[in-house]
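# Coordinates in review
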2 protein chains.
Amino acid sequence: MPRGGAGRIKGSQGERARARKELRAALLAAARELAEESQGFEAVTIRKVADRVGYAAPVVYEYFANKRDLLHAVVTNGFADLADRLDAAEPTVEAAAAVVWDFAVEEPYRYHLMHSLADVPFGTSGTPASAVRCFELLKAAVTAAAPDHFASTVDDDAATDLFWAQAHGLITLAFNGRVKGGRERARALLDCVATALRTPSQADSLSRGHE
Amino acid sequence: MPRGGAGRIKGSQGERARARKELRAALLAAARELAEESQGFEAVTIRKVADRVGYAAPVVYEYFANKRDLLHAVVTNGFADLADRLDAAEPTVEAAAAVVWDFAVEEPYRYHLMHSLADVPFGTSGTPASAVRCFELLKAAVTAAAPDHFASTVDDDAATDLFWAQAHGLITLAFNGRVKGGRERARALLDCVATALRTPSQADSLSRGHE
DNA sequence: GCTAGTGTCTACCACCGTTAGAAAACTTGG
DNA sequence: CCAAGTTTTCTAACGGTGGTAGACACTAGC
């Protein structure tokens with residue numbers, strides 16, 4: 001008997017489809033929670049995930065092809081959540097930076113997985129739509145920060161990449177205890193970078209190198 | 001009989017100590033090679049590592065407490081190699097950026113492990129000496145790029161953190177196919193960031209936020 | 001040659017991802 | 001309301017994993 005969810009799957013076709021969706025989501029959530037509790041996805045086990053929602057291990061394979069597929073789903077799910085948050089925030093670099101930072105603080109292991117799981121490319125057609133949404137929302141914020149400078153140099157994409165890279169690098173280093181002043185300092189540095197994007201000189205130097 | 005190394009361990013105490021050191025290094029190298037060949041450290045197995053140097057699995061535990069310890073050693077080893085390369089290069093940001101980039105290109109999985117393995121902090125006393133050496137060499141390059149601006153604001157450390165974070169973020173994103181123009185573009189952006197560090201306005205904006 | 005001690009291996013443990021196949025529960029059509 | 005057929009779910013198993021125990025072989029030093 002299931003402990004975590006809405007009971008076994010039964011009912012007419014429509015009900016069953018809904019119940020299946022719910023169970024899938026529950027499995028995803030279980031994997032996520034397990035990772036945060038156990039401080040890492042290495043500890044996330046098919047058996048434990050199934051157990052947490054009150055099922056035996058093989059049920060997982062009714063919803064995901066294999067473990068990699070499950071983790072992949074956790075990642076795209078994470079980008080969807082992040083995109084929702086970016087959407088809800090003001091379209092400014094500072095706000096976007098805050099959203100990304102807070103996300104990493106709240107779910108550090110999911111954040112880490114989102115950026116370390118192989119086979120989740122961005123440029124290709126296999127890119128999750130949620131990830132593309134994240135990039136576009138971030139781009140809107142970056143472009144809004146210095147519209148005059150980037151508009152002419154055609155390089156909103158590069159500026160967004162750079163800003164994302166700076167934020168992600170700072171988060172990675174800070175969360176691994178590699179920034180000298182600790183997390184607070186890293187957070188301050190990120191804010192500093194964000195506001196610096198607004199100054200013309202910075203934007204100039206960014207766009208100078210590649211036209 | 002060992003395939004990969006210098007024969008079984010025997011001889012007088014001095015010889016034995018040397019042979020043990022060699023075997024330890026061989027195990028480390030085997031783990032590294034296996035990861036690059038198999039495209040990831042998930043595929044690195046105690047048995048495979050031992051096999052590659054011609055031994056049975058339990059030998060590994062004569063040199064490392066457990067798998068985590070082995071990977072930890074791979075990481076500190078990686079920082080030592082990176083530090084050596086930084087030391088050999090010119091003390092400029094451009095050269096430092098090139099060194100880090102090339103390292104990531106040549107051994108992407110070791111590079112990734114160096115930044116993703118938990119329990120390898122920087123600030124604390126448990127920080128590997130090789131990692132500290134990397135940071136100091138990088139700091140020297142960054143400081144040399146804009147000596148007047150950073151000297152007065154006491155923030156060489158922060159500037160180094162930011163540059164390292166930018167480089168690392170760019171590498172991570174680029175190698176996961178997440179930078180719009182591909183790796184070449186990411187490489188160009190990194191160079192652009194490096195040279196931008198030289199312009200006073202950039203240095204100003206960096207140091208402005210935190211005094 | 002013998003003794004200590006080191007190096008190394010085989011055999012095993014619990015657990016992992018994953019699959020096969022049977023059993024149970026249910027919907028559906030009459 | 002019952003039989004047929006579908007779907008859900010489980011137990012059992014396979015090979016491989018990290019890790020340990022204990023036996024065996026060999027070597028150094030006397």
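## Some details on the overall build of chain A
Of the regular secondary structure elements, chain A holds 10 helices and 0 strands. Counting from the amino terminus, chain A carries its helices and strands in the arrangement α-α-α-α-α-α-α-α-α-α. Counting only residues that meet the buried cut, chain A has 48% of its 211 residues in that class. Within chain A, residue pairs in contact and separated by at least 24 positions form 65% of the contacts whose partners lie at least 6 positions apart. For chain A, the computed accessible surface area is about 9,700 Å², with 52% contributed by carbon and sulfur atoms.

## Structural notes on the environment of A96 of chain B
Along the chain, A96 of chain B falls in helix α5 (residues 93–106). The spatial distance from the C-alpha of A96 of chain B to the C-alpha of A194 of chain B is 9.0 Å, given a sequence separation of 98 residues.

## Here's the deal with the protein's contact with DNA strand C
By nearness alone, 21 residues border DNA strand C, and R47, Y61 and K67 of chain A together with R8 and A56 of chain B come closest of all. When atoms of DNA strand C within 4 Å of the protein are sorted by moiety, sugar and phosphate together comprise 69%. The separation between a phosphate oxygen of DNA strand C and a polar main-chain atom of K67 of chain A is 2.7 Å. For DNA strand C, a sugar or linking oxygen lies 2.7 Å from a polar atom in the side chain of R8 of chain B. If you list the elements that add at least two residues to the surface near DNA strand C, you get α2 (46–52) of chain A together with α1 (13–38) of chain B. Considering every element that reaches the surface near DNA strand C, the biggest residue donor is α2 of chain A, with 3 residues. When its residues are assigned to classes, the surface near DNA strand C shows 9 nonpolar, 3 polar and 9 charged.

## A short note on the protein's contact with DNA strand D
Residues in contact with DNA strand D amount to 20 residues; listed here are only the nearest, R8, Y55 and A56 of chain A together with R47 and K67 of chain B. The separation between a base nitrogen of DNA strand D and a polar side-chain atom of R47 of chain A is 3.5 Å. Residue A56 of chain A places a main-chain N or O atom 2.9 Å away from a phosphate oxygen belonging to DNA strand D. In terms of residue count, helix α2 (residues 46–52) of chain B provides more of the surface near DNA strand D than any other element does, 3 residues in total. Residue composition of the surface near DNA strand D, by class: 8 nonpolar, 3 polar and 9 charged.

## A look at the pattern of salt bridges
Per the counting criterion, the structure on display carries 30 salt bridges over all chains. The closest approach of N and O atoms between E22 of chain A and R18 of chain A, which form a salt bridge, is 3.4 Å. With E22 of chain A and R18 of chain A both in helix α1 (residues 13–38), this residue pair falls 4 residues apart, about one helical turn. With a relative accessible area of 38%, E22 of chain A lands in the partly exposed category. Here D155 of chain A makes a salt bridge to R185 of chain B, at a shortest N to O gap of 2.5 Å. Taken together, the residues span two chains, with D155 of chain A in the loop between α7 (147–153) and α8 (156–175) and R185 of chain B in helix α10 (residues 182–196). What makes D155 of chain A buried here is its relative accessible area of 7%. Here the residues in one salt-bridge network are R32, D81, E107 and R110 of chain A, joined through shared partners.

## Things to note about the packing of helix α7 (residues 129–145) of chain B against helix α9 (residues 156–175) of chain B
Residue and element names in this part refer to chain B. Between α7 and α9, the shortest axis-to-axis distance is 9 Å and the interhelical angle comes to 100 degrees. Classified by the angle their axes make, α7 and α9 are roughly perpendicular. Each of C134, F135, L138, K139, V142 and T143 in α7 lies in contact with α9, whose residues at this interface are D156, D157, A159, T160, D161, F163 and W164. The class makeup of the residues in the contact of α7 with α9 is 7 nonpolar, 2 polar and 4 charged.

Calculation rules
Residues numbered from 1 in each chain as written. Chains lettered and ligands numbered in written order. Predicted model: local features only at pLDDT ≥ 70, side-chain atom pairs only at ≥ 80, totals over all residues. Heavy atoms only, no water. Helix = DSSP H or I, 4+ residues; strand = E, 2+ residues; numbered from the N terminus. Buried < 20%, exposed > 50% of the residue type's maximum accessible area, 1.4 Å probe, protein only. Contact = heavy atoms within 4.5 Å. Areas by Shrake-Rupley, 256 points an atom, 1.4 Å probe, with all protein chains shown as cover. Near = heavy atom within 4 Å. Polar contact = N/O pair within 3.5 Å; in protein donor to acceptor, adjacent residues only side chain to side chain. Nonpolar A, V, L, I, M, F, W, Y, C, P; charged D, E, K, R; others polar. Salt bridge = Lys/Arg side-chain N within 4 Å of Asp/Glu carboxyl O. Axes fitted to C-alpha atoms, helices over the stretch in contact; angles between N-to-C directions. Parallel < 35°, antiparallel > 145°, perpendicular 65-115°, else oblique.

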